[in-house]
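Commentary on secondary and tertiary structure
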Amino acid sequence: MKDNLLDKISPLPFVTSDASSPFVIAGPCSAESLEQTIETARELKSIGISVFRVGLWKPRTLPTSFEGVGIKGIEWLKLVKQETGMQVATEVATREHAKAVLDAGIDVLWIGARTCTNPFAVQEIADAIKGHDEITVLVKNPVNPDLDLWIGTMQRIVNAGVTMIGAILRGFSYYGNNLYRNVPEWQLAIELHRRYPHLPIFCDPSHMGGRRELIAPLSQQAIDMGFDGLFIESHYKPDEALSDKDQQISPKELNSIINSLIMRGKSQSTETLEVLRQQIDACDDELLNILSKRIDVCRLIGAYKKEQGMQVVQTNRYDTILQKSLSQAKQLGLSAEFIKSIMSAIHQESVRQQIEILNNNSDNT
Ligand code: PEP
Ligand code: MN
């Protein structure tokens, strides 16, 4: 099937590009009261934010957590729009949420990470907004690093005739300890951008980091990588927030983070950069040649093992190779994690190649 995202994405009208500061969508994790919603919006407006985000229906991991004020918050959002002139955005997870948002004339809706993993829920939302090309839909990455699932959600939305879409990288779940609440896995956004250069991609450093102090460095990283904007949680009294307290910042703190960020020119290519890029290209050529040479040798070993009736995977040999590589990596200042994952990928490919030889040979007999 033809990839309909490629030719159906339209630009987002509210994204203002400014070489001196990033485009930022901001607002509280949850709407808690009329006062908290409107006061936060006023403060954000005063620091130059033009799109206000807030959650009404909160998809929480535990049912004991604050699950949002629901439909009654719609009126508060309408007031924010009326009073401040900001565009307003909220999360929808069901057909009913989507209908309520459309009826109220909300400008932007977003599909959360948990909902993005569920094609039935996404299709329900797509059906509910069918033909409403006045609305913008932002799609957060699914909780698991599955690029096709993320793209599939966007395809369901464009199939419904809604073409003002954007993606939000908010990081991915993992098991165990990690610096981040959700691991960034920036490479998924890089690949998304490679496939759809016109699709706006935003970064949500709040849900990615899960902590206030990580917002500035993650935002800077996103800017350095050329993201189109940031999606940040901000609350007028962050310490009293009913959800995601640890990652919310006041509009004043947000303003000082925005002012501290260093903007980079999109396509400045200095001579030095060109020279360094040539060196990288040469390294990549060398890497590919050496990998191809290694695979040739590995196939010869495969033929030998077949002849001798040996099994393909010899774990002792792999352990020895890995230990040797790790000690060399240390001396060369390379990260052990990085080398481990490279060696494991190479080993997997070697095993695959040898199994192929084994099967080819048996086909011939
Ligand atoms: C949110 O942005 O408030 C939210 C619930 O985010 P996520 O879907 O990324 O968890
Ligand atoms: Mn939140």
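Note that the coordinates shown come from a computational prediction; the quantities given were computed from them, not determined experimentally.

What follows is about the domain arrangement of the protein. You can read the domains of the protein as domain 1 (5-260) and domain 2 (273-358). Here the C-alpha centre of domain 2 lies 41 Å away from the C-alpha centre of domain 1.

What follows covers the coordination of the manganese ion (ligand 2). Binding of the manganese ion (ligand 2) to the protein goes through Cys29 (SG), His207 (NE2), Glu233 (OE) and Asp244 (OD), at separations of 2.1 to 2.4 Å. Along the chain, the residues donating to the manganese ion (ligand 2) are arranged with the sequence spacing C-x177-H-x25-E-x10-D. Separated by eleven residues along the polypeptide, glutamate 233 in strand β8 (residues 229-233) and aspartate 244 in the loop between β8 and α11 (251-260) bring together distant segments of the chain. Taken individually, glutamate 233 and aspartate 244 each receive the classification buried, so the pair is uniform in this respect.

With that settled, consider the site of ligand 1. Every residue near ligand 1 is listed here: Arg53, Lys58, Glu91, Trp110, Gly112, Ala113, Arg114, Lys140, Arg170, His207 and Glu233. Between ligand 1 and arginine 114 there is a distance of 3.0 Å, counted from an oxygen atom to a side-chain nitrogen or oxygen. Within the side chain of glutamate 233, one N or O atom sits 3.5 Å away from an oxygen atom of ligand 1. Taken together, the residues of the shell around ligand 1 sort by class into two nonpolar, two polar and seven charged.

Taken as a whole, this structure holds four aromatic pairs when the rule is applied. Residues phenylalanine 23 and phenylalanine 202 carry aromatic rings whose centres are separated by 6.1 Å and whose planes lie at 55 degrees to one another, so their mutual orientation is tilted. Within this pair, whereas phenylalanine 23 is found in the loop between α1 (5-8) and β1 (24-27), its partner phenylalanine 202 is found in strand β7 (residues 201-203), the two being separated by 179 residues in sequence. Ring-pair connections join several aromatic residues into one group, and the members of that group are Phe14, Phe23 and Phe202.

Before going further, it helps to examine a nonpolar patch on the surface. On the surface, Leu287, Leu288, Ile290 and Leu291 cluster together into a nonpolar patch covering about 380 Å² of accessible area. Tracing the backbone shows leucine 287 in helix α12 (residues 271-308).

The end-to-end C-alpha distance of helix α13 (residues 315-331) is 25 Å, a good match for the 24 Å that 17 residues give at a rise of 1.5 Å each. Considered for burial, the residues of α13 that qualify are Tyr318, Ile321, Leu322, Ser325, Leu326 and Ala329. Buried residues of α13, viewed axially, fall in a sector of 135 degrees; they line one side. For α13, exposure combined with an orientation more than 90 degrees from the buried face picks out Asn316, Arg317, Gln323, Lys324, Lys330 and Gln331.

Once that is clear, we can look at the pattern of salt bridges. Counted under the stated rule, the structure contains 17 salt bridges. With its nearest N and O atoms 3.0 Å apart, the salt bridge here joins glutamate 39 to arginine 42. In this pair, glutamate 39 and arginine 42 are both assigned in helix α2 (residues 34-46), three residues apart and thus about one turn of the helix distant. By relative accessible area, which is 36% here, arginine 42 ends up partly exposed. Of the charged contacts, one joins arginine 195 and glutamate 191 as a salt bridge, the two residues approaching to 2.8 Å between their closest N and O atoms. Linking arginine 195 with glutamate 191, this pair stays in helix α8 (residues 186-195), spanning four residues, or about one helical turn. One salt-bridge network, held together by shared partners, links Asp148, Glu191, Arg194 and Arg195.

With that settled, the discussion passes to unusual backbone geometry. Residues other than glycine seldom take positive phi values, yet glutamate 185 does so here, at roughly 45 degrees. Take glutamate 185: it is sitting in the loop between β6 (165-169) and α8. Phi is positive for aspartate 244, which is not a glycine, with a value near 45 degrees.

Of all five residues making up strand β5 (residues 136-140), five are buried, and the element is well covered by its neighbours. Of the two faces of β5, both are covered, the one formed by Thr136, Leu138 and Lys140 as well as the one formed by Val137 and Val139. Direction of pairing for strand β4 (residues 108-111) relative to β5: parallel, over a ladder of four bridges. By the bridge assignment for β5, isoleucine 111 is matched with valine 139. Each parallel crossover has a hand, and the one from β5 via helix α7 (residues 147-159) to β6 is right-handed.

Two numbers describe how helix α6 (residues 119-128) lies on α7: the axes approach to 9 Å, and their chain directions differ by 25 degrees. In terms of orientation, α6 and α7 fall into the roughly parallel class. The handedness of the crossing between α6 and α7 comes out as right-handed. Residues Pro119, Val122, Gln123 and Ala126 of α6 touch α7, and the partners they reach there are Thr153, Arg156 and Ile157. In the contact of α6 with α7, the residues fall into four nonpolar, two polar and one charged.

Within the secondary structure, serine 350 is located in helix α14 (residues 336-364). In contact with serine 350, not counting residues within four places along its chain, are Arg294 and Cys298.

Turning next to the sheet that holds β7. Spatially, β1-β2-β3-β4-β5-β6-β7-β8 is the arrangement adopted by the eight strands of the closed barrel, whose pairing is parallel. Strand after strand, the sheet turns through a mean of 25 degrees between neighbouring axes, direction not considered. Here β1 runs beside β8; their pairing, made up of four bridges, is parallel. Bridging from a neighbouring strand, glycine 27 pairs with glutamate 233 of β8. With respect to the sheet, α7 is in contact with β4, β5 and β6, its orientation differing from that of β6 by roughly 160 degrees. Where α8 meets the sheet, it contacts β6 and β7, and its direction lies at approximately 165 degrees from that of β7.

What counts as what
- In this convention, every chain numbers its residues from 1, walking through the sequence in written order.
- By the order in which they are written, chains take letters starting at A while ligands take numbers starting at 1.
- Residues qualify for local features only when their pLDDT is at least 70, as the model is predicted, and side-chain atom pairs are given and counted only at 80 or more; totals for whole chains, interfaces and linings, by contrast, use all residues.
- Only hydrogens and water are removed before side-chain values are computed, so all heavy atoms of the structure are retained for them.
- Note that the domain bounds reflect an automated or database-derived domain assignment.
- Donors, by definition, are the N, O and S atoms found within 2.8 Å of a metal, the threshold being 3.2 Å for Na, K and Ca, and water is not counted, so a site can look incomplete.
- Runs of H or I in DSSP of at least four residues are treated as helices and runs of E of at least two as strands, each being numbered from the N terminus.
- With a 1.4 Å probe rolled over the protein chains alone, any residue whose accessible area is under 20% of its type maximum counts as buried; one over 50% counts as exposed, and the rest are partly exposed.
- We call a residue near a molecule or strand whenever a single non-hydrogen atom of that residue lies within 4 Å of it.
- Counted as a polar contact is a pair of N or O atoms within 3.5 Å, where, for protein atoms, one must be capable of donating a hydrogen and the other of accepting one, and residues adjacent in sequence contribute only when both atoms are in side chains.
- Following the grouping adopted for this structure description, the nonpolar residues are Ala, Val, Leu, Ile, Met, Phe, Trp, Tyr, Cys and Pro, the charged ones are Asp, Glu, Lys and Arg, and the polar ones are all others, Gly among them.
- Two rings from Phe, Tyr or Trp (for Trp, the six-membered ring) form a pair when their centres are within 6.5 Å of each other. A pair whose planes differ by under 30 degrees is stacked, one over 60 is edge-to-face, and the rest are tilted.
- Any residue with relative accessible area above 30% and no salt bridge may belong to a patch, with like charges joined within 9 Å and the nonpolar Val, Leu, Ile, Met, Phe, Trp and Tyr side chains within 5 Å.
- The Shrake-Rupley method, run with a 1.4 Å probe sphere, supplies the accessible areas, and residue values consider only the shown protein chains as cover.
- Take a side-chain nitrogen of Lys or Arg and a carboxyl oxygen of Asp or Glu: if they are within 4 Å of each other, that pair is a salt bridge.
- Multiply 1.5 Å by the residue count of a helix minus one, and that product is the helix's expected span.
- The arc in question is the one traced by the directions running from the helix axis out to the C-beta atoms.
- When DSSP locates at least two bridges between a pair of strands, those strands are taken to pair.
- The crossover handedness rule: strands pointing away from the viewer, path from first strand over the helix to second strand clockwise, crossover right-handed.
- With axes taken as lines fitted to C-alpha atoms, and helix axes fitted only over the stretch in contact, angles between N-to-C directions fall between 0 and 180 degrees.
- For classification, angles of less than 35 degrees are called roughly parallel, those exceeding 145 degrees roughly antiparallel, those between 65 and 115 degrees roughly perpendicular, and all remaining angles oblique.
- By definition, any crossing whose near helix is turned counterclockwise from its far helix by less than a right angle is left-handed, and any crossing with a clockwise turn is right-handed.
- Two residues qualify as a contact provided that any one of their heavy atoms is within 4.5 Å of a heavy atom in the partner residue.

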